[in-house]
Amino acid sequence: MKPLQPGPLGRLFWSALRRNRPTVPFGAGQGDDTLLRDSPALRHLAGAIAGGHDLSAGQLQRSKLSFISAPDPSAWLRATQQGNPSPAPDALPLRVLTWNLALLNVYLGSRHYKSSPFVSERREPVFDRVLGADADIILIQELWHAPEIARLRERATAAGYRLCCPPRHHVDGLAVLLREGPWAKEIQVELRPFATQARLEALDLPRKEQFLRCWMRVDCEHSGLGRISIFNTHLQAYPKAWRARLQQARSLGLEIARRPPEDLVFVGGDLNSGLFYGRQTWRKPDGTIDGCWWHNAISLPLLHHYGGLCDLAIRGRSTSQADLEVRLSRTLQNDPVAALKAPLCCSTEHRQTFTATDCNSLYHRQYAGTEQPARLDHILARDPTNRVCVVHSSHRFTDRDVVIDKQPVEPSDHYAVQVDLRVAPPA
């Protein structure tokens, strides 16, 4: 007998009453008791937070945090870049890409609620670029709705890709593309919502799409590289949601740590957190002030800490560019009046440092002057035996090469992140 499924009123009732409780209670997770000063990923937070030298990773999520200064990850970034191993003689090439496609188009019943700019006009150009990137593994965010999923599945099959995007009651925007060829036929896909959700997003109303922040895991066997686990996610958005994002990062990190030790693990997506922000407060064009930007720089190090991860984009940079996001962030101006006039005129260096920025005309159209530019999109790996050499890392699709109403725009409001790897076979 099939289990009874709750009706619309039942789903509304439970979604309205749900509470954000961590799946693993605080203090019970591996790594909760580690002091900030003893964790390579969290050490730079210890000196930036009042009393931080005596704080543990678990206490970061339960304490009222008072910042003394901006958490500066420069030394950690330089050590990450210097830790890029030389390629093994028998290493195989692998290209991994992550991209937020910005295909959001939300309705409440028949009423249009919110959308990314030019969704219908950008859809095919975005798919052209995704399938033409020549990547072996592609992590996708904001592929929200059934028509776009069906269209990408159709095009992916014709282009020699397998689309991993299982059906579900809610929407989360996550999908993974695998290039056909080196993968075994059997692929396992798991999709799990975080225990911590934004209440309005997660509310399950009749004629309202239920948005749940999730992680997707794709387990597959590569003919030359063995078992690979791929985690794709899109964490909670906006600086004010920093504490919810901390809980999501911890939950995902603990899940990554549970993967078998012989598995090579890749993690990526729109993590809605940069490693560094030059200012704690940011004045927006409407006159309000956001005052928790340094809090926003905690969740990514926390994910590294719990998951035992390394930053592949930083591994693939030159020595002089390892801490570039810190140096550039310190020079950014908070001018809310100027920010409204036009997208920023930015250097190639800027576009290759930040993935979410007002330099992007689509990003500017939605968020002009309200956010500090940041590297929000990441590709990470659990690589304790240094199998992964990053030959090169870069941001893709930064040009305004999609023409809409005679105006050139970028294909998405986020730049994509790509890493070209040489990966050693398992020992």
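Residues numbered from 1 in each chain as written. Predicted model: local features only at pLDDT ≥ 70, side-chain atom pairs only at ≥ 80, totals over all residues. Heavy atoms only, no water.

Caption draft 1: How the structure looks around the nonpolar core. Core analysis: the biggest nonpolar cluster contains 51 residues, and Leu 60, Leu 65, Leu 252, Ile 256, Val 267 and Leu 303 have the highest contact counts within it. Secondary structure elements with two or more residues in this core: helix H2 (43–46), helix H3 (57–60), helix H4 (74–82), helix H8 (242–257), strand S10 (264–270), helix H9 (299–307) and helix H14 (361–367). The biggest single contributor to this core is H8, with six residues. When neighbours within four sequence positions are excluded, Leu 303 is seen to be in contact with Ala 249, Leu 252, Gly 253, Ile 256, Leu 271, Leu 309 and Leu 380. By size, the runner-up hydrophobic cluster in this structure holds 32 residues, among which are Leu 94, Ile 187, Leu 225 and Ile 379. (Core = buried A, V, L, I, M, F, W, Y, C linked by side-chain atoms within 4.5 Å. Buried < 20%, exposed > 50% of the residue type's maximum accessible area, 1.4 Å probe, protein only. Helix = DSSP H or I, 4+ residues; strand = E, 2+ residues; numbered from the N terminus. Contact = heavy atoms within 4.5 Å.)

Caption draft 2: Molecular detail of the sheet that holds strand S9 (residues 226–234). Reading across the sheet, the six strands line up as S7-S8-S9-S10-S14-S13 and stay open at both edges, with mixed pairing between neighbours. Edge positions in the sheet fall to strand S7 (188–193) and strand S13 (310–311), since each of these pairs with one other strand and no more. Pairing of S7 with strand S8 (residues 214–222) involves six bridges; the strand directions are antiparallel. Looking at S8, one finds that Pro 193 is bridged to Cys 214. Where H8 meets the sheet, its contacts fall on S7, S8, S9, S10 and strand S14 (377–382), and the angle it forms with S9 comes to roughly 175°. (Pairing = 2+ DSSP bridges. Axes fitted to C-alpha atoms, helices over the stretch in contact; angles between N-to-C directions.)

Caption draft 3: The packing of H8 against H9, seen in detail. Where H8 contacts H9, the two axes come as close as 7 Å, and the packing angle between them is 20°. In terms of axis orientation, H8 runs roughly parallel to H9. You can see that H8 and H9 cross each other, and the crossing is right-handed. Along its contact with H8, which presents Arg 245, Leu 246, Ala 249, Arg 250, Leu 252, Gly 253, Leu 254, Ile 256 and Ala 257, the element H9 presents Ser 299, Leu 302, Leu 303, Tyr 306 and Gly 307. (Parallel < 35°, antiparallel > 145°, perpendicular 65-115°, else oblique. Left-handed = near helix turned anticlockwise from the far one by under 90°.)

Caption draft 4: Examining the state of the cysteines more closely. Tallied over the entire structure, the rule returns one disulfide. The disulfide that involves Cys 346 links it to Cys 359, with 1.5 Å between the sulfurs. Across the disulfide from Cys 346 to Cys 359, rotation about the S-S bond amounts to roughly -60°, and the bridge is consequently left-handed. Of this pair, Cys 346 sits in the loop between helix H12 (336–341) and helix H13 (348–351) while Cys 359 is found in the loop between H13 and H14, placing the two residues 13 residues apart along the sequence. Given the relative accessible area of 3%, Cys 359 is considered buried. (Disulfide = S-S within 2.5 Å.)

Caption draft 5: Region of interest: helix H5 (residues 119–131). A rise of 1.5 Å per residue sets the reference length of H5, with its 13 residues, at 18 Å; its end C-alpha atoms lie 18 Å apart and thus fit the reference within 8%. Restricting attention to buried positions, one finds in H5 the residues Val 119, Arg 122, Pro 125, Val 126, Phe 127, Arg 129, Val 130 and Leu 131. (Expected span 1.5 Å × (residues − 1).)

Caption draft 6: Layout of the pairing of strand S18 (residues 416–423). For S18, a buried count of seven out of eight residues is recorded, marking the element as mostly surrounded by other parts of the structure. Here seven bridges tie strand S1 (residues 92–100) to S18, and the two strands are oriented antiparallel to one another. The residue of S18 that forms the bridge with Arg 95 is Asp 420. Inspection of the sheet shows strand S15 (residues 388–396) paired to S18 by eight bridges, in the antiparallel sense. Residue pairing in the sheet places Arg 396 in a bridge with Ala 416 of S18.

Caption draft 7: Molecular detail of the layout of surface pockets. Counted as a void, the largest pocket has a volume near 1,200 Å³. Forming the boundary of the largest pocket are 48 residues, of which Lys 114, Glu 201, Arg 213, Ala 237 and Tyr 238 lie nearest the centre. Of all the secondary-structure elements, those providing two or more residues to the lining of the largest pocket are strand S2 (105–108), strand S3 (111–115), helix H7 (199–202) and H14. Each residue belonging to the lining of the largest pocket can be placed in one class, and the counts come to 24 nonpolar, 11 polar and 13 charged. Taken as a whole, the second largest pocket encloses approximately 370 Å³ of empty space. (1 Å grid on protein atoms, 1.4 Å probe; cavity = no way out; pocket = protein on both sides within 12 Å on 5 of 7 lines; lining within 4 Å. Points joined across faces, edges and corners; volume = space filled by probe spheres on them. Nonpolar A, V, L, I, M, F, W, Y, C, P; charged D, E, K, R; others polar.)

Caption draft 8: Structural view of the side chain of Asp 413. Residue placement: Asp 413 occurs in the loop between strand S17 (407–409) and S18. One buried charge, Asp 413, has no salt-bridge partner; the nearest side chain with opposite charge is Arg 122, at 6.5 Å. Within the structure, the side chain of Asp 413 is placed 2.8 Å from the side chain of Gln 366, a separation counted as a polar contact. Apart from the residues within four sequence positions on either side, Asp 413 is in contact with Asn 100, Ala 102, Thr 355, Asn 360, Leu 362, Tyr 363, Gln 366 and Tyr 367. (Lys, Arg positive; Asp, Glu negative; His and termini not counted. Salt bridge = Lys/Arg side-chain N within 4 Å of Asp/Glu carboxyl O. Polar contact = N/O pair within 3.5 Å; in protein donor to acceptor, adjacent residues only side chain to side chain.)

Caption draft 9: Focus on the sheet that holds S18. An order of S5-S6-S4-S1-S18-S15 is seen for the six strands of this open sheet, with the pairing classed as mixed. Two strands bound the open sheet, and with one partner strand each, they are strand S5 (161–164) and S15. Ignoring which end each strand starts from, the neighbouring axes of this sheet average 15° apart.

Caption draft 10: Representation of H8. Between its terminal C-alpha atoms H8 stretches 22 Å, which fits the 22 Å expected from 16 residues at 1.5 Å a residue. A large share of H8 lies buried, amounting to 12 of its 16 residues. Among the residues of H8, Trp 242, Arg 245, Leu 246, Gln 247, Gln 248, Ala 249, Arg 250, Leu 252, Gly 253, Leu 254, Glu 255 and Ile 256 are the ones counted as buried.

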